[in-house]
Amino acid sequence: VGVLYLNGYVLKKNCGKALFWLNKSATNGSDYAKDMLGFMYRYGECVQKDPDKAIFWYKKLSIKSKAWMKLEVQKTIEETADKAGQICYHRFSDK
C-alpha cells in the first residue's frame with residue numbers, strides 16, 4: 001500500500017501515508033519496504049534527503065539481501081562524500 005501512495009499510480013500520491021505504510025511493512029519484516037525506505041531517504045523522495053537514514057534501512061535488509069544492501073550502502077556513502085573528499089564511513093555488520 002505504501003508504494004501505491006508513493007508512486008501515485010493507483011492511489012493519489014500521499015507522502016505521509018506512503019511513509020506510514022512502508023514503515024509498518026518494514027517493521028513487520030518486509031525487505032521490499034526496507035529497500036524502498038532506503039531509496040526514499042537516499043534520494044529525498046517524499047522525505048528530506050538523509051543518507052544516514054538510508055543506510056539504516058539498507059542495513060536492516062535480511063541476510064538473503066546482504067549483497068544488495070552492501071552495494072546500496074556503498075553507493076550511498078559515495079554519493080554523500082563531501083566536497084573536501086571526506087567520507088563518513090559506516091561499518092558493515094552482519095548483526
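Residues numbered from 1 in each chain as written. Predicted model: local features only at pLDDT ≥ 70, side-chain atom pairs only at ≥ 80, totals over all residues. Heavy atoms only, no water.

### With respect to the packing of aromatic side chains
Stated formally: Working definition: a ring pair exists when centres of Phe, Tyr or Trp rings (six-membered ring for Trp) sit within 6.5 Å. Plane angles under 30 degrees give stacked, over 60 give edge-to-face, the rest tilted.
Enumeration according to the criterion identifies three aromatic pairs in this entry. Geometrically, the ring pair formed by phenylalanine 20 and tryptophan 21 is edge-to-face, given 5.0 Å between the ring centres and 85 degrees between the ring planes.

### Some points on the nonpolar core
For clarity, the cut-off: Nine residue types can take part in a nonpolar core, namely buried Ala, Val, Leu, Ile, Met, Phe, Trp, Tyr and Cys, and a core is a set of them joined through side-chain atoms within 4.5 Å. Note on exposure labels: buried denotes an accessible area under 20% of the residue type's maximum, exposed denotes more than 50%, and partly exposed covers the range between, all computed with a 1.4 Å probe on protein chains only. For the purposes of this entry, the term helix denotes a DSSP run of H or I that reaches at least four residues, the term strand denotes a run of E that reaches at least two, and both are numbered from the N terminus. We call two residues in contact whenever any of their non-hydrogen atoms come within 4.5 Å of each other.
Leu22, Leu37, Met40 and Val73 are the most contacted members of the largest nonpolar core, which has 20 residues in total. Secondary-structure elements contributing two or more residues to this core are α1 (2–7), α2 (15–27), α3 (31–43), α4 (51–59) and α5 (66–79). The element that contributes the greatest number of residues to this core is α3, accounting for five residues. The residues touching leucine 22, leaving out its near neighbours within four places in the chain, are Gly2, Val3, Ala33, Met36, Leu37 and Met40.

### A closer look at α2
To keep it simple, the criterion reads: The span you would expect from a helix comes to 1.5 Å times its residue count less one. N or O atoms within 3.5 Å of each other form a polar contact, as long as, within protein, one can give a hydrogen and the other can take it, and as long as residues adjacent in sequence are counted only when both atoms are side-chain atoms.
For α2, with 13 residues, the first-to-last C-alpha span of 18 Å sits near the 18 Å given by 1.5 Å per residue. The secondary structure elements touched by the buried residues of α2 are α1, α3 and α4. If you check the start of α2, you find a side-chain oxygen 3.1 Å away from the backbone N of glycine 16, and it comes from asparagine 14.

### Description of a nonpolar patch on the surface
What counts here: Exposure above 30% relative accessible area and the lack of any salt bridge qualify a residue for a patch; like charges then connect within 9 Å, and the nonpolar side chains Val, Leu, Ile, Met, Phe, Trp and Tyr within 5 Å. Using the Shrake-Rupley algorithm and a 1.4 Å probe, accessible areas are obtained, with residue cover drawn only from the displayed protein chains. Should a side-chain nitrogen of Lys or Arg be within 4 Å of a carboxyl oxygen of Asp or Glu, the pair is scored as a salt bridge.
Together, Val1, Phe20 and Trp21 make up an exposed nonpolar region whose accessible area comes to about 310 Å². For valine 1, the position within the fold is in the segment before α1.

### Examining the confidence of the model for the protein
To keep it simple, the criterion reads: pLDDT measures the predictor's confidence residue by residue and takes values from 0 up to 100.
For the protein, per-residue confidence averages 79 on the pLDDT scale, and residues scoring 70 or more make up 77% of the total. When the elements of the protein are averaged for pLDDT, α5 gives the smallest value, 72, and α2 the largest, 94. For residues 83–95, every residue scores under 50 in pLDDT, and the model assigns this stretch 19 contacts once sequence neighbours within four places are set aside.

### Observations concerning the state of the cysteines
In a disulfide, the sulfur atoms of two cysteines are covalently bonded to one another. Inclusion rule: Cysteine sulfur atoms that pair up within 2.5 Å are treated as a disulfide.
Taken as a whole and judged by the stated rule, the model has one disulfide. The side chain of cysteine 15 participates in a disulfide bridge whose partner is cysteine 46; the two sulfur atoms lie 2.0 Å from each other. Judged by the torsion about the S-S bond (-50 degrees), the cysteine 15/cysteine 46 disulfide is left-handed. Note that cysteine 15 is positioned in helix α2 and cysteine 46 in the loop between α3 and α4, a separation of 31 residues in sequence. Residue classification places cysteine 15 among the partly exposed positions, given a relative accessible area of 29%. A relative accessible area of 24% places cysteine 46 in the partly exposed class.

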